[in-house]
Amino acid sequence: MDAVLTAVIDIDATPESVWNVLTDFAAYGEWSNFSAAEGTAQVGSRLTMRMPGMTFRPTVTVATPGQELRWTGTLGTKRLFQGQHSFVLSPNHDGTTRLTNHEEFSGALVTLTRRLLRTPKRDGYAEFNQGLKQRVEGLTDSPR
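Below or above, wherever it landed, is the structure these notes cover.

Calculation rules
- Sequence order sets the numbering: in each chain, residues are counted from 1 along the sequence as written.
- In keeping with the predicted nature of the model, local features appear solely for residues at pLDDT of at least 70, side-chain atom pairs appear and are counted solely at 80 or more, and the whole-chain, interface and lining totals rest on all residues.
- To get the side-chain values, all heavy atoms of the structure are used, and hydrogens and water are removed first.
- Only protein atoms enter the 1 Å grid, on which a cavity is a set of points fitting a 1.4 Å probe that cannot get out and a pocket is an open set with protein on both sides within 12 Å along at least 5 of 7 lines, lining residues being those with an atom within 4 Å of a point.
- Grid points are joined across faces, edges and corners, and a volume is the space filled by probe spheres set on the points.
- Secondary structure is summarised from DSSP: a helix means a run of H or I of at least four residues, a strand means a run of E of at least two, and numbering begins at the N terminus for each.
- Charged means Asp, Glu, Lys or Arg here, nonpolar means Ala, Val, Leu, Ile, Met, Phe, Trp, Tyr, Cys or Pro, and polar covers whatever is left, Gly included.
- Only strands that DSSP links by at least two bridges are regarded as paired with each other.
- Every angle, taken between N-to-C directions, lies between 0 and 180 degrees, and every axis is a line fitted to C-alpha atoms, over only the stretch in contact when it is a helix.

1. Here we look at empty space enclosed by the protein
Per the counting criterion, the structure on display carries 2 cavities of 30 Å³ or more. Looking at the largest cavity, its volume works out to about 100 Å³. Considering the residues around the largest cavity, the lining is formed by 13 residues, among which F34, S35, M51, H85 and F87 are closest to the centre. Of all the elements in the fold, those that place two or more residues in the lining of the largest cavity are strand 3 (48–51), strand 7 (82–91), strand 8 (97–106) and helix 4 (124–138). Residues belonging to the lining of the largest cavity are distributed by class as follows: 9 nonpolar, 3 polar and 1 charged.

Pasting the structure below:
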């Protein structure tokens, strides 16, 4: 069974400012209660992602500064678990940025993953977006 998770938020900053925080993986521990990351936002590079209950090593497939970051990861084989994750940054007319945090899961472990990421009391993707928003908007040098 496939699953799709999407969380959208508007951030009072430029796409470039959002991109700078989004791709500063080393600093995730300072603002994200949901995930930690290591690596670089370059096509072909492998990241180390830690989320509640799992660690995996996705490969960056798109890294367009100020626009889109995308990676694909598997646990075991694609038949067991595959996630295709994207962050799309879209400028709004009022100077803010819309962040769409989207992931498509497939494979036998999808049901387990869904329980880890989104429960009636917790939505990890929305939590991540909110933490990113607070971090970006809290930076004194975030121009808009």
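After presenting the structure, the write-up continues.
2. Let's talk about the pairing of strand 8
Side chains on a regular strand alternate between the two faces of the sheet. Relative to strand 8, strand 1 (residues 3–11) runs antiparallel, the two being bridged by 9 bridges. Paired with A3 across the bridge in strand 8 is F105. Counting the residues between successive antiparallel strands, the hairpin from strand 7 to strand 8 contains 5 residues, one of them, G95, with a positive phi of roughly 95 degrees.

3. Remarks on the sheet that holds strand 2 (residues 36–38)
Read from one edge to the other, the open sheet built from 3 strands follows the order 2-3-4, with strand pairing classed as antiparallel. Sheet topology places strand 2 and strand 4 (54–56) at the edges, where each strand pairs with a single neighbour. Between one strand axis and the next, the sheet turns through 10 degrees on average, direction left out of account. Here strand 2 pairs with strand 3 via 3 bridges, running antiparallel. Looking at the pairing, A36 lines up with R50 of strand 3.

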